[in-house]
Amino acid sequence: MIKLFDISWLHLIILILASFRLTHLIVFDEIASFIREPFLSVTFEEDDSGQVRRQIDIKGSGWRYRIGFLLSCHWCIGIWSSLFIVALYWFLPASFTFILILGVAGAAAILESKL
């Protein structure tokens, strides 16, 4: 098991980028829509100024509503994604390749959005 407080700066940055990418994947990416679909519906509407806005309607009540609310909130999913990534890194060091792939994809997403 890796000592969490002995983490290098490079690994910390990779973990941050991996968490960012996993969060974005769950909350926004079309490829993960099957995860969100039972809990919420997403439509895109043009407002008066011509901007396209993402409209989220949470389905159901009780637990279904709570999960839908969670899946619609990138801040909420970010916490759970971070917990998942850090737990993988800490308890399953062999998962670092997967984490590195997410980290590189996260860095690429940030660069792409800034260009």
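In the block above lies the structure referred to throughout.
Residues numbered from 1 in each chain as written. Predicted model: local features only at pLDDT ≥ 70, side-chain atom pairs only at ≥ 80, totals over all residues. Heavy atoms only, no water.

Caption draft 1: Broad picture of the nonpolar core. By size, the foremost hydrophobic cluster in this structure holds 15 residues, and its most contacted members are I85 and I99. Those elements that provide at least two residues to this core are α1 (9–27), α4 (74–91) and α5 (96–114). The element that contributes the greatest number of residues to this core is α1, accounting for six residues. Dropping the residues within four chain positions of it, I99 is found in contact with I14, L15, A18, I85, L88 and Y89. (Core = buried A, V, L, I, M, F, W, Y, C linked by side-chain atoms within 4.5 Å. Buried < 20%, exposed > 50% of the residue type's maximum accessible area, 1.4 Å probe, protein only. Helix = DSSP H or I, 4+ residues; strand = E, 2+ residues; numbered from the N terminus. Contact = heavy atoms within 4.5 Å.)

Caption draft 2: Examining a nonpolar patch on the surface more closely. Taken together, W9, L12 and I16 make up a surface patch of nonpolar side chains, about 360 Å² in accessible area. With respect to the helices, strands and loops of the structure, I16 is situated in helix α1. (Patch = residues over 30% accessible without salt bridge, like charges linked within 9 Å, V, L, I, M, F, W, Y side chains within 5 Å. Areas by Shrake-Rupley, 256 points an atom, 1.4 Å probe, with all protein chains shown as cover. Salt bridge = Lys/Arg side-chain N within 4 Å of Asp/Glu carboxyl O.)

Caption draft 3: Main features of the side chain of D29. With respect to the helices, strands and loops of the structure, D29 is situated in the loop between α1 and α2 (33–36). Given a relative accessible area of 14%, D29 falls into the buried group. If we skip the residues at most four places from it in the chain, D29 touches R21, H24 and R36.

As far as function goes, none of this settles anything; it's purely spatial.
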